[in-house]
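Examining the three-dimensional arrangement
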Amino acid sequence: MCFFFLPLLLLVFVHTGRPVFVITLSGGTTHKPPVRDRHDFVIHECAAAAKYLIQAGVPGTHIVQEWSSYDTIGNAYFARLQHTEPRQWQNLVIVTSEFHMPRTQAIFEWVFRLPWSEDSNSSLPYHLQFVAVSDVGVMEQGALESRRAKEKKSLQSLLQTISRVKSLSTLHEFLFSEHAAYSTNQRFQSHPSLSVSELKSY
């Protein structure tokens, strides 16, 4: 099965060694208007991914969706709070494209090891594995090179955030007070626009 067009997937494993659930991630992106169906309803990325997986033979009962996130940090944060913590799903395989993997791995290893607060060390002992899908054919070469450069720059910025966010409580504060995708104050301010090549990668 080819996942190259999917933004991000989590496969949930148990002791049988076989995937039990697939978590499809993301409501969309803040960089482009949402895709809509013929009735003008928004098609969330996680729903499009779930539909594809069902058509490929994955039972819908084995797929759960996460549509609150609009970036990779949100993917990890909301997947953990909405799905993996309540169900105590600890063995996860994160699947994404090669160009996206370095930042994705840094984010998921950070978010899934954060304690609830800086006064507590309590956290489920997550076991994370990462599978990168080839970038070949995923988009035109110019857009791919622009996205790789953007990912590299974003990773450097991310490392600064990781150094100061040490708990889920602090991460919540960061997301909803500073992050452009989630902060009410930031949401209604202007932000640097992406280049044409970068936009083609979303």
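Keep in mind the model is a prediction, meaning the values are calculated, not measured. (Residues numbered from 1 in each chain as written. Predicted model: local features only at pLDDT ≥ 70, side-chain atom pairs only at ≥ 80, totals over all residues. Heavy atoms only, no water.)

**A closer look at the packing of aromatic side chains**
The description of two aromatic rings rests on the distance between their centres and on the angle between their planes. Where we set the bar: In this analysis, rings of Phe, Tyr and Trp, with Trp reduced to its six-membered ring, are considered paired at centre separations within 6.5 Å, and the interplanar angle assigns stacked below 30 degrees, edge-to-face beyond 60, and tilted for intermediate values. Charge-over-ring contacts are defined here by two conditions on Lys NZ or Arg CZ: a distance within 6 Å of the ring centre and an angle within 35 degrees of the ring normal.
Per the stated rule, a full pass over the model turns up six aromatic pairs. Ring geometry for tyrosine 77 against phenylalanine 78: centres 5.0 Å apart, planes inclined by 80°, an arrangement best described as edge-to-face. A cation over an aromatic ring shows up here: arginine 80 above the ring of tryptophan 116, its NZ or CZ 5.9 Å from the ring centre.

**Considering the packing of helix α3 (residues 101–111) against helix α4 (residues 141–164)**
Just so we agree on the cut-off: Note on method: axes are straight lines fitted to C-alpha atoms, helices fitted across the in-contact stretch only, with angles between N-to-C directions ranging 0 to 180 degrees. Comment: elements are numbered from the N terminus, with helices defined as DSSP H or I runs of at least four residues and strands as E runs of at least two. To sort the angles, those under 35 degrees are grouped as roughly parallel, those over 145 as roughly antiparallel, those from 65 to 115 as roughly perpendicular, and the leftovers as oblique. Rotating anticlockwise by less than a right angle from the far helix to the near helix defines a left-handed crossing, while the corresponding clockwise rotation defines a right-handed one. Whether two residues touch is decided by their heavy atoms; if any such pair falls within 4.5 Å, the residues are in contact. For this classification, Asp, Glu, Lys and Arg are treated as charged, while Ala, Val, Leu, Ile, Met, Phe, Trp, Tyr, Cys and Pro are nonpolar and the rest, including Gly, are polar.
Where α3 meets α4, the axes come as close as 9 Å, and the angle between the chain directions of the two elements is 20°. In terms of their interaxial angle, α3 and α4 are classed as roughly parallel. In the packing of α3 onto α4, the handedness of the crossing is left-handed. Between α3 and α4, the residues in contact are Pro102, Arg103, Ala106, Ile107 and Trp110 and Arg147, Glu151, Ser154, Leu155, Leu158, Thr161 and Ile162, respectively. In terms of residue class, the contact of α3 with α4 is made up of seven nonpolar, two polar and three charged.

**Regarding the nonpolar core**
Our working rule: Nonpolar cores were defined as sets of buried Ala, Val, Leu, Ile, Met, Phe, Trp, Tyr and Cys residues, with membership established by side-chain atoms within 4.5 Å. Each residue's exposure class comes from its accessible area (1.4 Å probe, protein chains only) as a fraction of the maximum for that residue type: buried when under 20%, exposed when over 50%, partly exposed otherwise.
Among the nonpolar cores identified, the biggest contains 33 residues, and Ile73, Leu92, Phe108, Trp110, Phe112, Leu158 and Leu171 are the most heavily contacted of them. Setting aside residues no more than four positions away along its own chain, leucine 171 makes contact with Ile73, Tyr77, Trp110, Val111, Leu114 and Val165. Grouped together as the second largest cluster of nonpolar side chains are nine residues, Leu53, Ile63, Val93 and Val95 included.

**Topic: the confidence of the model for the protein**
Operational definition: What pLDDT expresses is the predictor's confidence in each residue, scored from 0 to 100.
Predicted confidence across the protein gives a mean pLDDT of 87, with 90% of residues reaching 70 or more. Mean pLDDT across the elements of the protein bottoms out in strand β1 (residues 9–13) (68) and peaks in helix α5 (residues 168–177) (97). Confidence over residues 1–6 falls short of pLDDT 50; this stretch has 16 contacts with residues more than four positions distant or in other chains.

**What about the side chain of glutamate 151?**
Inspection of the secondary structure puts glutamate 151 in helix α4. Looking at glutamate 151, the relative accessible area reads 5%, which means it is buried. The contacts of glutamate 151, once residues within four sequence positions are left out, are Phe99, His100 and Arg103.

**A closer look at the pattern of salt bridges**
Opposite charge on two side chains makes pairing possible when the charged atoms of those side chains draw close. So the rule is basically this: Any carboxyl oxygen of Asp or Glu that lies within 4 Å of a side-chain nitrogen of Lys or Arg is treated as forming a salt bridge with it.
One pass over the full model with this rule turns up seven salt bridges. Aspartate 40 is paired through a salt bridge with arginine 36; the nearest N and O atoms lie 3.9 Å apart. Aspartate 40 sits in the exposed class, given a relative accessible area of 51%. Arginine 147 serves as the salt-bridge partner of glutamate 151, at 3.0 Å between the closest nitrogen and oxygen. Separated by four residues within a single helix, glutamate 151 and arginine 147 lie in helix α4, roughly one turn from each other. Just as glutamate 151 is buried, arginine 147 falls in that class too. Because the salt bridges share partners, they merge into one network encompassing Arg103, Arg147 and Glu151.

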